[in-house]
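Observations on the three-dimensional arrangement
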Amino acid sequence: MNHRDLCLVTGASGYIGGRLVPELLDAGHRVRCMARSARRLRDHPWAGRVEIVEADATDPEATRRALDGVDVAYYLIHAIGGAGGFAENDRRAARTFADAARDAKVRRLVYLGGMDPDEELSPHLRSRAEVGRIMLDHGPPTVWLRAAVIIGSGSASFEMLRYLTERLPIMVTPRWVHTRIQPIAIRDVLHYLVASADLPADVNRGFDIGGPDVLTYADMMRRYAAVAGLKRRLIVPVPVLSPALSSLWVGGITPVPGGLARPLVESLRNEVVCTENDIARYVPPPPDGPIGFDRSVALALRRVQQADVTTRWSSAGVPGAPSDPLPTDPDWAGGTLYTDDRTCRADAPPERLWEVIEGIGGKHGWYSFPIAWRARGVLDRLVGGVGLRRGRRDPRRLRIGETVDFWRVEEIETNTLLRLRAEMRLPGLAWLELRVSDENGRAVLNQRALFHPRGLAGHAYWWTFRPFHNRIFNRMCHNITHAAEQTPP
């Protein structure tokens, strides 16, 4: 591939896409990112080095414009965790993108999907396989890379494995723990993604890619424990635990919410092992050879321990979660906007207060009634929400679009403003806004919670919980400023 070729990356705000972009840039390629909202990519460290266009993959005209002049297009879109018609949405987006890529005379399309074993597939794997076939049949020459479990810091599969193994020394597990899997390290996935763009023009097919180890999920948990320095885990399989019950079990123990855990768990019933290694005819192995399972776990754990996780599974939007921007008009959408406004002053400079605010959530918590916040997280999990366990990607720094427990960063202006949009299950839309100002060298915190109710249930929710919110938000405001005063200069 000519190193001045223009590569389009879809899903750049997600786990894979956010890591692929810098790999392509470092290899000397020009990169254009396609996103439904350009703001979601604003704070990525590579944002100033790429072109960003706004388009939805289901919009033929916008997608066609995004592909204009593109040589290689990467399709990294998938509605995992979506409810109801997620397969139809995947099908429609894939067909629209493939047709647009063909019409734009894109030279090569690269798609990363799941394994396609010759057996009855889970809905998740079936949808991903259908997308691959659509790309091959309707798009320009396509490379469909088929991978099983991807091991890397921040991936949903790795987080699920990590939390299950670390939190449960004795596990009563369903039968899928004995299904054979061929995991692959995220570094190797990125190697094949970059290199696949340079395949000969007549190559239009799928390739299995995997690491050197074939393991059961039980093997993976035991070997993870060994790498992490944990005691050997006792695994007791049982012939029950349906996918629905398994996803509740996984969702109750790991940060992965039930809506995402279910398709992951359902896919584990399928044996996902490479049946060919034809990719080796076109793409040389990674410079240091394929990374084995133990080393990929060690690399991922080191990233986690150093708080150096580039992207996380939660970087992508949560299907069904609210995505509306903060309304600027109190009569937005013709409805009510409830607010809770607080102002607190700190005997500290604004920069110190901002450090506390930008570090909020995760291990630092929410500075008021931690038991109440945990209870709210548990309640959210019980009704199918994301809960509090998503935590943060980085304990000190935030960027727009990433998650903080059951919030998502909607806006951030360094030393001035942090606005979080709620992704917990609510009868309405909610935001939390923390604004810092300077008053003669002293920091002032303006804290504002907003709630736009949906129907009668939304109004009832606000008034029912208002007494609790008064106490929680009042203490939160005072404790944040107090923490700033206690922070060493």
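Residues numbered from 1 in each chain as written. Predicted model: local features only at pLDDT ≥ 70, side-chain atom pairs only at ≥ 80, totals over all residues. Heavy atoms only, no water.

Observations concerning the overall build of the protein chain
A tally of helices and strands in the protein chain yields 13 helices and 19 strands. The burial tally for the protein chain puts 56% of its 489 residues in the buried class. For the protein chain, long-range pairs separated by at least 24 residues make up 76% of all intrachain contacts whose partners lie at least 6 apart in sequence. (Helix = DSSP H or I, 4+ residues; strand = E, 2+ residues; numbered from the N terminus. Buried < 20%, exposed > 50% of the residue type's maximum accessible area, 1.4 Å probe, protein only. Contact = heavy atoms within 4.5 Å.)

Details of the nonpolar core
Across soluble globular proteins, nonpolar side chains show a tendency to be buried alongside one another. Membership of the largest hydrophobic core comes to 64 residues, with the highest contact counts inside it found for L67, Y75, F97, M135, M160, Y217 and M220. Setting aside its immediate chain neighbours within four residues, M220 contacts V149, I151, L161, I181, L215 and F293. Counting residues in hydrophobic clusters, the runner-up holds 41 residues, among them A346, L398, Y461 and A484. (Core = buried A, V, L, I, M, F, W, Y, C linked by side-chain atoms within 4.5 Å.)

A few points about the sheet that holds strand β14 (residues 338-346)
Taken together, the six strands give an open sheet; going across it, the order is β14-β19-β18-β17-β16-β15, and neighbouring strands pair in antiparallel fashion. Single-partner strands in this sheet number two, and they are β14 and β15 (403-404). Most of the contacts of helix α11 (residues 350-358) go to strand β18 (residues 428-439), to which it runs at about 160°, and overall it touches β16 (407-413), β17 (417-422), β18 and β19 (442-453). (Pairing = 2+ DSSP bridges. Axes fitted to C-alpha atoms, helices over the stretch in contact; angles between N-to-C directions.)

Describing unusual backbone geometry
Most peptide bonds take the trans configuration, and most residues that are not glycine carry a negative phi. Phi angles above zero are rare outside glycine, and Y367 is one such case at about 60°. We classify Y367 as partly exposed; its relative accessible area is 21%. Positive phi is not limited to glycine here, since D405 has a value of about 55°. By the secondary structure assignment, D405 is in the loop between β15 and β16.

Concerning helix α4 (residues 123-138)
With 16 residues, α4 extends 22 Å from end C-alpha to end C-alpha; this agrees with the ideal 22 Å at 1.5 Å per step. Restricting attention to buried positions, one finds in α4 the residues H124, L125, S127, R128, A129, V131, G132, I134, M135 and L136. (Expected span 1.5 Å × (residues − 1).)

Thoughts on the state of the cysteines
In the structure shown here, the tally under the stated rule is one disulfide. Here C344 connects covalently by a disulfide to C477, the sulfurs 2.3 Å from one another. Residue C344 is located in strand β14, and its partner C477 is located in helix α13 (residues 455-486); the two are separated by 133 residues in the primary sequence. By relative accessible area, C477 is classed as buried at 0%. (Disulfide = S-S within 2.5 Å.)

Quick look at the packing of helix α7 (residues 217-228) against helix α10 (residues 293-305)
Interhelical geometry of α7 versus α10 gives an angle of 55° and a closest axis separation of 10 Å. In terms of their interaxial angle, α7 and α10 are classed as oblique. α10 is crossed by α7, and the crossing has right-handed handedness. Of the residues in α10, those touching α7 at M220, R223, Y224, V227 and A228 are F293, D294, V297, A298 and L301. Grouping the amino acids of the contact of α7 with α10 by side-chain chemistry returns eight nonpolar, no polar and two charged. (Parallel < 35°, antiparallel > 145°, perpendicular 65-115°, else oblique. Left-handed = near helix turned anticlockwise from the far one by under 90°. Nonpolar A, V, L, I, M, F, W, Y, C, P; charged D, E, K, R; others polar.)

Some details on the pattern of salt bridges
By the definition in use, this model includes 35 salt bridges. For E51, the salt bridge is made with R32, and the minimal N-O distance between the two is 3.1 Å. Taken together, the residues span a long stretch of sequence, with E51 in strand β3 (residues 51-54) and R32 in strand β2 (residues 30-35) at a distance of 19 residues. Residue class for E51 comes out partly exposed when judged on its relative accessible area of 38%. Assessed through its relative accessible area of 9%, R32 is described here as buried. Where D43 meets R42, a salt bridge forms, and the shortest distance between an N and an O atom there is 3.1 Å. (Salt bridge = Lys/Arg side-chain N within 4 Å of Asp/Glu carboxyl O.)

A closer look at the packing of helix α5 (residues 156-167) against α7
Remark: α5 packs on α7, axes separated minimally by 9 Å, with the N-to-C direction vectors making an angle of 70°. One finds that α5 runs roughly perpendicular with respect to α7. α7 is crossed by α5, and the crossing has right-handed handedness. Contact residues: α5 offers S157, F158, M160, L161, R162, L164, T165 and E166, while α7 offers Y217, M220, M221, Y224 and A225. Among the residues making up the contact of α5 with α7, the classes are represented as nine nonpolar, two polar and two charged.

Thoughts on the confidence of the model for the protein chain
For the protein chain, the average pLDDT comes to 87, and 90% of its residues sit at 70 or higher. Least confident of the elements in the protein chain is helix α8 (residues 243-253), whose mean pLDDT is 66; most confident is strand β4 (residues 72-75), at 97. Counting contacts from residues 319-324, a segment whose pLDDT is below 50, to residues more than four positions away or on other chains yields 14 contacts. Every residue in residues 327-334 scores below 50 in pLDDT, and together they form twelve contacts with partners more than four places removed in sequence or on other chains. (pLDDT = per-residue confidence, 0-100.)

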